Amino acid sequence: MPRVALITGASRGIGAATARVLAEGGMRVVVNHRASAPEADEVVASITAAGGEAVAIQADVTVPGDVAAMVDQIAQRWGGADVLVHNALIPFVVTSFADLTWEQLGGKVNTELHAAYLLTKSVVPQMISREYGRLIYLSTGLSRRPREGMIALGTAKAALDQFVRYVALELAPHGITANLVAPATVGGTKVTGQLSSERVRQLGEAAPMGRLVTPEEVAHTIAFLASADSGFTTGHYLPVNGGLAMD
């Protein structure tokens, strides 16, 4: 039976590219969205037109009832998710620490971790029963290297990074891996849309390769972690940044 992949925030950008790449690799794909039904349906249509299997499911990943209903629908349709790619963007402010409120910082950290917690809690029991699973979470280089204005996002993603490491440690004996993919600034995403065109140009020029990362490049890295070939890779943070930062 084909593996089943749930991709959150998959109606555009990295999520949509990941859905298409995983479908091309033979997976059944769940295209999750919060309020982008037309775009999600377009992703599904492009996958089915290419001979793949996909379905769009609306759910707000910060709402427990939505997540539970989505996971139940996947179980009824295809027997459950073998792969989780948590890509959905939790909104955040771009601001300095001087202007940052606790509600902005604490709210971002809380919703970031709450969504990851809800999704992981929901899909892991079935993965344990099958002794197989791939958990992949989108992080950012900003969780390790600060950049002006990105304190809320960077702090929340740093918390996510550590959460995933603990999940990886606990689930490894069950054949379940958990990893982070951390792209540099990705062209054509909501995050890029919050920046000025001049700032986007500067960020692209700062990379040794002289440009921004593409959603497809991130998707292909995710595809490796979603595959059976990555079975001994867990608890890792994989940058996709064109040499911008080398650890």
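Each value, and the rule that gives it
Residues numbered from 1 in each chain as written. Predicted model: local features only at pLDDT ≥ 70, side-chain atom pairs only at ≥ 80, totals over all residues. Heavy atoms only, no water. UniProt positions renumbered as here; feature names shortened; annotations may be inferred. 1 Å grid on protein atoms, 1.4 Å probe; cavity = no way out; pocket = protein on both sides within 12 Å on 5 of 7 lines; lining within 4 Å. Points joined across faces, edges and corners; volume = space filled by probe spheres on them. Helix = DSSP H or I, 4+ residues; strand = E, 2+ residues; numbered from the N terminus. Nonpolar A, V, L, I, M, F, W, Y, C, P; charged D, E, K, R; others polar. Core = buried A, V, L, I, M, F, W, Y, C linked by side-chain atoms within 4.5 Å. Buried < 20%, exposed > 50% of the residue type's maximum accessible area, 1.4 Å probe, protein only. Contact = heavy atoms within 4.5 Å.

Where an unreviewed UniProt entry is consulted, the protein chain appears under the name Short-chain dehydrogenase, with the organism given as Mycobacterium scrofulaceum. As stated in UniProt under Sequence similarities (unreviewed entry), the record for the protein chain gives "Belongs to the short-chain dehydrogenases/reductases (SDR) family."

Asker: Looking at this model, I keep getting lost on the layout of surface pockets. Mind explaining?
Answerer: Once rolled over the atoms, a probe with the size of a water molecule shows which space is left empty. In this structure, the second largest pocket occupies an estimated 230 Å³ of space. If you list the elements that add at least two residues to the lining of the second largest pocket, you get α4 (102–130) and α5 (151–171). Broken down by element, the lining of the second largest pocket gets its largest block of residues, six residues, from α4. Among the residues making up the lining of the second largest pocket, the classes are represented as eight nonpolar, one polar and two charged.

Asker: Mind showing me how you'd approach the nonpolar core here?
Answerer: The nonpolar side chains of a soluble globular protein tend to be buried with one another. By size, the foremost hydrophobic cluster in this structure holds 35 residues, and its most contacted members are Leu-6, Val-30, Val-123, Leu-135 and Tyr-137. Elements that contribute at least two residues to this core include exactly β1 (4–7), β3 (53–58), α3 (64–78), α4, β5 (133–138), α5 and β6 (176–183). It is α4 that contributes the most residues to this core, seven residues altogether. In contact with Tyr-137, other than residues within four places in its own chain, are Leu-84, His-86, Ala-116, Thr-120, Leu-160, Val-164, Ala-178, Asn-179, Leu-180 and Val-181. Residues Ala-23, Met-27, Val-44 and Val-213 belong to the second largest nonpolar core, which totals 28 residues.

Asker: Explanation requested: empty space enclosed by the protein in the structure shown.
Answerer: Counted under the stated rule, the structure contains one cavity of 30 Å³ or more. Taken as a whole, the largest cavity spans an internal volume of roughly 30 Å³. Lining the largest cavity are Val-30, Val-55, Ile-57, Gln-73, Ile-74, Arg-77 and Trp-78. Split into classes, the residues belonging to the lining of the largest cavity amount to five nonpolar, one polar and one charged.

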